[in-house]
2 protein chains.
Amino acid sequence: MTLTGHMLIGQHTVAGNRAAIRGINPATGAELEPAYAGGSAGQVEQACALASAALDAYGDTSLDARAEFLQSIAAEIEALGDELIERAMAETGLPRARLQGERARTCQQLRLFARTVQAGEWLDVRIDPAQAQRQPLPRADLRQRQVPLGPVVVFGASNFPLAFSVAGGDTASALAAGCPVIVKAHGAHPGTSELVGRAVARAAKACGMPEGVFSLLYGCGHEVGIALVSDPRIKAVGFTGSRSGGLALIQAAQARAEPIPVYAEMSSINPVLLFPAALHNRAQALAEGFVTSLTMGAGQFCTNPGLVIARQGPALDGFVAAAAERIKTSAAQTMLTPGIFHAYDAAVKALAHNPRARLAAVGQAGTGPNQCQAHLFVTDAADFLADHRLQAEAFGAASLIVQCADDAEILQVCTHLEGQLTATLHLDEADLEQVRALLPTLERKAGRLLVNGWPTGVEVCDAMVHGGPFPATSDSRTTSVGTAAILRFLRPVCYQDFPDSLLPTALQQSNPLHLRRLFDGQRER
Amino acid sequence: MTLTGHMLIGQHTVAGNRAAIRGINPATGAELEPAYAGGSAGQVEQACALASAALDAYGDTSLDARAEFLQSIAAEIEALGDELIERAMAETGLPRARLQGERARTCQQLRLFARTVQAGEWLDVRIDPAQAQRQPLPRADLRQRQVPLGPVVVFGASNFPLAFSVAGGDTASALAAGCPVIVKAHGAHPGTSELVGRAVARAAKACGMPEGVFSLLYGCGHEVGIALVSDPRIKAVGFTGSRSGGLALIQAAQARAEPIPVYAEMSSINPVLLFPAALHNRAQALAEGFVTSLTMGAGQFCTNPGLVIARQGPALDGFVAAAAERIKTSAAQTMLTPGIFHAYDAAVKALAHNPRARLAAVGQAGTGPNQCQAHLFVTDAADFLADHRLQAEAFGAASLIVQCADDAEILQVCTHLEGQLTATLHLDEADLEQVRALLPTLERKAGRLLVNGWPTGVEVCDAMVHGGPFPATSDSRTTSVGTAAILRFLRPVCYQDFPDSLLPTALQQSNPLHLRRLFDGQRER
């Protein structure tokens, strides 16, 4: 397929008429063809109008038809073959195997949402039948289901050009909920976005979906994004990116005449707690696992272990020494964009100049542009508690070890933490009581707690929570990965005393969708 | 019981030391004893500290213990006997039977949440067991449950001194979710609030709950409320009241270092659509039902029918004439507070002076203070569409009839509406196709759609939605009435590779709570 550099407004290929972006090969600094001209206010308006016009028809598709659409998107993405992988490699500097894995994950994610749609539990059907004879007042017939919120804007993420971008988790879950989607492509991988966007549009056409179910816009700067979030027809926003970017979108969404939810996944340093017995028994293995997780993908993961908390002493000293050794020999890796590299560089320099932190190790220097050198810092609990800047996310392969004097200080550090996506616990049998005492605090701080593993690697499944208290996300009640992500794009509607013929299929008395409804206070079997 | 005029900070009776409020008998204007001195910043701080300290223990209570606590609150409220009813009558001007009914509803609501807690579906347990042999990567063991958000602040509502106040729906659902609650009493019924607050505190003590599970504060002006919402230990807010009040709380919640959700139920005019066949066949009966619903409780309900939409013509003229006749003979009723009366008076005067609306009827004048006279206005669709002020809620027994030229204008008026709690459809068989065409638009505007009934009267059950798009509420994804209200105060946490002994009971492998879990993609039976 030849890349056109054009946007997709429904089924129409449209050239933007604002300043253009281009992909950049971060490994060489070379600009990639073609240029992607940004959308105008009028083009944003067209996409919103189409999405709004598609809402009734798309929201009313059968569960099977909607599932088939999601499956068809997956098949169309797979049909792009190596062209997709090679373009993504050129635009992101990510290795082939990683992108092949991410493509598999993206397609599996779409198919999982197809199964979720068909199972229909998300409709949360609740029926309280009429009680005409009830005293002192009769009860009406009341039936509740979930309906789509409305058109959703999704912002592509830089660090997952497939799984969190054009047809990633936000798009898949919004489409699953019955919401038309407008994607604002991330400027770091416009060609990858075009390829995937065309795959989605082909699937929409093949499945007979209304045209406005999907659009893909480009834009340089914030103009297109803010215009989309501000459009009164848009009813929710999905975003994965920086704290400042997320907060700007939240502000725009709150400034509307009708404020709307923004699901922004923003910032997390993912504390790792090393408990005494575990640290004593396997400091070397822990250091190895830690550095592998820290440096994977140049540390460009939301769940990168950016903070280690443990009690000071010889065991921790051994861990730090072993981790430092591995860091020093770790190879430099190309970061996703010059912007991410410069932000990382500034963040590690700030830490290196902060008298409250000590640089323990630096990885190997690279030869080309945008090379991430891993960094390991050490501080004490008192310093960590005194300086909020030590909690700032340095997006990349940098981590800070916090040495605590005792259990009380560990609790103090945990209590002091901002909201997180994950908290990791390395423990042995002898640590259980100490862990148990900390659990309530950690549950309040993070969306996912994990034992004896590493936070990088986020399974797409029913039980996953990729979310957490602010600023990890803007809405701790939700997850952006896993099937519960569909719940972000729904709202309940109650139908009172409706004649059966007027009821939506999900609520009709004969239960045509074979749902296990909450019927008169009892869950059907 | 002797009213003390004191606040409750946990189990402690504490005298406020700021400006006092007093109940006022709206039927006479007389001030009631005792005075309720407002809480200081230090007292707000004490209540928040206690609530925060109670979170771990209260959030960890067994489902049975928590249910028993809710049931015990209901029993303690019932044990207050006539003293509660009489104090509420004096403070609100509401009749005895209405308050007896509201007490029954409040206690039934607490018991319904007790059953909901015990059923445990709200825990939404999802388990994806480990797949050690999976290729290319093994799957970890992943388990998700819902945990309480944290301490919740509830603002009492003026118009339901029992069902939406100290132990009303917000408090019951937050306690059910495992969240400690701090209630800011509404200034219109401080004595009623003290009685109920003491009942809650007695139940907490009898059930061995941690002290900070419940506090009750008073305050004149906004100081106490804003201080509560701004306290970093508070994690969610429930509010029923005016649009300006709700927006002020949302602003305070968004200005925090960690923004929190505010569930504000604010403003709704509850459109009623009269379809042609229904209007032709039973204009008189519709007019009778309409005026009964409009004037019930002096119109002081969130679901009061403040807007009627129908096609112009003789049938509608007949309805307007019949409704006007009934309005003219409707007796004046005492409003809840002088403030509500003055706001109503200003709103109907503004409508009367608006050249786009015509006054069709006024109810009988009253003799005492704060008497609500019902008002009926008529306008045309073009005028309604041209003047946004005609959509403003006039809290009280006022309604506006919008005459439309044709179906297209009806659709236009519906599309133009702000978000609503309810939309009511009066229809006969012959109207079905026209109704069907409007339904998608109405679903997007309201949380509850009802056929051939009236919107006042909100059943407390599983299927109820008392919510809707902004400005009806601040969060259309939720309901403040019915068992789904518990979902507002929860967030998911995922536990990865936890040893069974470290897992919360709800997630342990042996399923000790006998939940129907989502296990490996299948719902257990």
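Higher on the page you've got the structure.
If you're wondering where the values come from, they're calculated on a predicted model, not measured in any experiment. (Residues numbered from 1 in each chain as written. Chains lettered and ligands numbered in written order. Predicted model: local features only at pLDDT ≥ 70, side-chain atom pairs only at ≥ 80, totals over all residues. Heavy atoms only, no water.)

Colleague: How should the overall build of chain A be read in this particular structure?
Modeller: From N to C terminus, chain A includes 14 helices and 23 strands. A principal-axis box enclosing the C-alpha atoms of chain A has dimensions of 75 × 65 × 40 Å. The buried share among the 525 residues of chain A stands at 63%. For chain A, restricting intrachain contacts to residue pairs at least 6 apart in sequence, the fraction spanning at least 24 positions comes to 76%. Total accessible area on chain A stands at roughly 17,800 Å², and carbon and sulfur atoms take up 53% of it. Looking at charge distribution, chain A has the averaged site of its 42 positive side-chain charges lying 2 Å from that of its 49 negative ones. (Helix = DSSP H or I, 4+ residues; strand = E, 2+ residues; numbered from the N terminus. Buried < 20%, exposed > 50% of the residue type's maximum accessible area, 1.4 Å probe, protein only. Contact = heavy atoms within 4.5 Å. Areas by Shrake-Rupley, 256 points an atom, 1.4 Å probe, with all protein chains shown as cover. Lys, Arg positive; Asp, Glu negative; His and termini not counted. Charge placed at Lys NZ, Arg CZ, Asp CG, Glu CD.)

Colleague: What is the right way to read the interface of chain B and chain A from this model?
Modeller: How big an interface is tends to be stated in terms of the accessible area lost upon association of its parts. Chain B puts 69 residues into the contact, and the matching count from chain A is 69 residues. Buried surface at the junction of chain B and chain A, both sides included, amounts to about 5,900 Å², of which 51% is carbon and sulfur. Counting across the chain B and chain A interface gives 10 salt bridges. Viewed at the interface, chain A and chain B are joined by 44 residue pairs in polar contact (both at pLDDT 80 or more). Among the elements of the structure, α1 (41-59), β5 (126-128), β6 (142-148), α8 (243-255), α14 (432-445), β20 (446-451) and β21 (490-496) of chain B are those that each provide at least two residues to the side of chain B that touches chain A. A breakdown of the residues in the side of chain B that touches chain A according to their chemical character gives 36 nonpolar, nine polar and 24 charged. As judged from the three bridges shared by strand β20 (residues 446-451) of chain A and β21(B), these two strands associate in the parallel manner. Bridging from a neighbouring strand, Arg448(A) pairs with Cys494(B) of β21(B). (Buried area = accessible area lost by both parts, 1.4 Å probe. Salt bridge = Lys/Arg side-chain N within 4 Å of Asp/Glu carboxyl O. Polar contact = N/O pair within 3.5 Å; in protein donor to acceptor, adjacent residues only side chain to side chain. Nonpolar A, V, L, I, M, F, W, Y, C, P; charged D, E, K, R; others polar. Pairing = 2+ DSSP bridges.)

Colleague: Is there a simple way to explain the packing of aromatic side chains in this structure?
Modeller: Two aromatic rings, taken as a pair, are described by how far apart their centres are and by the angle between their planes. All names here are of chain B. Applying the stated criterion across every chain, the model contains 18 aromatic pairs over all chains. Judged by centre distance (6.0 Å) and plane angle (85 degrees), the rings of Tyr58 and Phe69 are edge-to-face. Of this pair, Tyr58 sits in helix α1 while Phe69 sits in helix α2 (residues 63-79), and the two are 11 residues apart along the sequence. Residue Tyr58 is classed as buried on the basis of its relative accessible area, which comes to 0%. (Phe/Tyr/Trp six-rings, centres within 6.5 Å; stacked < 30°, edge-to-face > 60°.)

Colleague: Looking at this model, I keep getting lost on the sheet that holds β20(B). Mind explaining?
Modeller: Neighbouring strands of a sheet are bound in pairs by backbone hydrogen bonds; such pairs are parallel or else antiparallel. Read from one edge of the open sheet, 12 strands run β23(A)-β22(A)-β5(A)-β6(A)-β21(A)-β20(B)-β19(B)-β12(B)-β13(B)-β18(B)-β17(B)-β15(B), paired in mixed fashion. Where the open sheet ends on each side, the last strands, each with one partner, are β23 (522-523) of chain A together with β15 (358-362) of chain B.

Colleague: Quick question: what am I supposed to make of the sheet that holds strand β22 (residues 518-519) of chain B here?
Modeller: Pairing within the open sheet is mixed, and its 12 strands lie in the order β15(A)-β17(A)-β18(A)-β13(A)-β12(A)-β19(A)-β20(A)-β21(B)-β6(B)-β5(B)-β22(B)-β23(B). In this open sheet, the two strands that pair with only one neighbour each are β15 (358-362) of chain A together with β23 (522-523) of chain B. Pairing analysis gives four bridges linking strand β12 (residues 271-274) of chain A to strand β13 (residues 307-311) of chain A, with the strands arranged parallel. Considered in β13(A), the bridge of Pro271(A) is made with Leu307(A). Packed onto the sheet, helix α11 (residues 338-353) of chain A meets β17 (375-380) and β18 (398-404) of chain A and runs at close to 35 degrees relative to β17(A). (Axes fitted to C-alpha atoms, helices over the stretch in contact; angles between N-to-C directions.)

Colleague: Honestly, helix α3 (residues 82-92) of chain A in this entry has me stumped. Any pointers?
Modeller: Side chains of residues three or four places apart in an α-helix project in the same direction, reflecting 3.6 residues per turn. Residues and elements named next belong to chain A. Residues of α3 that are buried include every one of Leu84, Ile85, Arg87, Ala88, Glu91 and Thr92, and no others. For α3, the buried positions fall inside an angular range of 170 degrees around the axis, keeping them on one side. Considering only its buried residues, α3 is in contact with β4 (36-38), α2 (63-79), α4 (96-119) and α6 (190-206). Positive backbone phi, approximately 75 degrees, marks Gly93, located one or two places after α3. (Arc of directions from axis to C-beta.)

Colleague: In this structure, what is going on with the relation of the copies chain B and chain A? I would like to understand it.
Modeller: After a rotation of 180 degrees and a shift along the axis of 0.0 Å, chain B superposes on chain A with an RMSD of 0.0 Å. Such a combination of turn and shift is consistent with a two-fold rotation axis. Judged by C-alpha distance, Arg525(B) is the residue of chain B that lies nearest the rotation axis, at 3.2 Å. Mapped onto chain A, 100% of the interface residues of chain B again fall at the interface, so both copies present the same surface. (Least-squares fit on C-alpha atoms with pLDDT ≥ 70 in both.)

Colleague: I tried to follow the packing of α2(B) against helix α6 (residues 190-206) of chain B on my own but got confused; where do I start?
Modeller: Helix packing geometry: the angle between the two helix axes and the distance between the axes. All names here are of chain B. The geometry of α2 relative to α6 is characterised by a closest axis approach of 8 Å and an angle of 135 degrees between their N-to-C directions. The angle between α2 and α6 places the two elements in the oblique class. Seen along the crossing, α2 lies across α6 with a hand that is right-handed. In this structure, α2 uses Phe69, Ser72, Ile73, Glu76 and Ile77 to contact α6, whose residues at the interface are Val196, Ala199, Val200, Arg202, Ala203 and Ala204. In terms of residue class, the contact of α2 with α6 is made up of eight nonpolar, one polar and two charged. (Parallel < 35°, antiparallel > 145°, perpendicular 65-115°, else oblique. Left-handed = near helix turned anticlockwise from the far one by under 90°.)

Colleague: Where do I start with the packing of helix α3 (residues 82-92) of chain B against helix α4 (residues 96-119) of chain B in this structure?
Modeller: All names here are of chain B. It is at 10 Å that the axes of α3 and α4 come closest, and there the two elements cross at 125 degrees. On the basis of their axis angle, the class for α3 and α4 is oblique. Between α3 and α4 lies a crossing of right-handed hand. When α3 is examined against α4, the residues Asp82, Leu84, Ile85, Glu86, Ala88, Met89 and Thr92 are found in contact with a partner set consisting of Arg96, Leu99, Gln100 and Arg103. Within the contact of α3 with α4, the residues separate by chemical class into five nonpolar, two polar and four charged.

Colleague: Hey, could you run me through the pattern of salt bridges in this one?
Modeller: Pairing between side chains of opposite charge can happen when their charged atoms approach one another. Taken as a whole and assessed by the stated rule, the structure comprises 64 salt bridges over all chains. The partner of Glu418(B) in a salt bridge is Arg243(B), and the shortest N-O contact between them spans 3.0 Å. Residue Glu418(B) is located in the loop between α13 (407-416) and β19 (420-426), and its partner Arg243(B) is located in helix α8; the two are separated by 175 residues in the primary sequence. Sharing partners across several salt bridges, the network here consists of Asp475(A), Arg477(A), Asp475(B) and Arg477(B).

Colleague: Would you explain the pairing of β19(B) in this entry?
Modeller: The two faces of a sheet get side chains in turn, since along a regular strand they alternate between them. Residues and elements named next belong to chain B. For β19, a buried count of seven out of seven residues is recorded, marking the element as mostly surrounded by other parts of the structure. The pairing of strand β12 (residues 271-274) with β19 spans three bridges and is parallel. For Leu273, the partnering residue across the bridge sits in β19 and is Leu425. The sheet contact formed by β19 and β20 spans five bridges and is parallel. Note that in β20 the partner of Thr422 across the bridge is Arg448. The parallel pair β19 and β20 is bridged by α14, and the resulting crossover is right-handed. (Right-handed = clockwise from strand over helix to strand, strands pointing away.)

Colleague: How should the pairing of β6(B) be read in this particular structure?
Modeller: Residues and elements named next belong to chain B. Counting buried residues in β6 gives seven out of seven residues, a clear majority hidden from the surface. Residues Leu142, Gln144, Gln146 and Pro148 point to one face of β6 and Arg143, Arg145 and Val147 to the other, with burial holding for every one of them. Pairing geometry for β5 and β6, over three bridges, is antiparallel. Following the sheet pairing, Arg126 is matched in β6 by Gln144. Sheet analysis places β6 next to β21, joined by seven bridges and oriented antiparallel. By the bridge assignment for β21, Arg143 is matched with Tyr495.

Colleague: So what exactly am I meant to see when it comes to unusual backbone geometry here?
Modeller: Excluding glycine, residues mostly carry a negative phi; peptide bonds, for their part, are mostly trans. With an omega of 5 degrees, the peptide bond between Phe470(A) and Pro471(A) qualifies as cis. Mapped onto the elements of the fold, Pro471(A) is located in the loop between β20 and β21 (490-496). Note that the residue after Glu33(B), namely Pro34(B), is joined by a cis bond; omega there is -10 degrees. Structurally, the position occupied by Pro34(B) is in the loop between β3 (18-21) and β4 (36-38). A positive phi angle, close to 50 degrees, is found at Asn270(A), a residue other than glycine. Residue position: Asn270(A) is located in the loop between β11 (262-265) and β12. Its relative accessible area of 0% is what places Asn270(A) among the buried residues. Here the phi dihedral of His514(A) falls at roughly 55 degrees; this positive angle occurs in a residue that is not glycine. Looking at the element boundaries, His514(A) is found in the loop between β21 and β22 (518-519).

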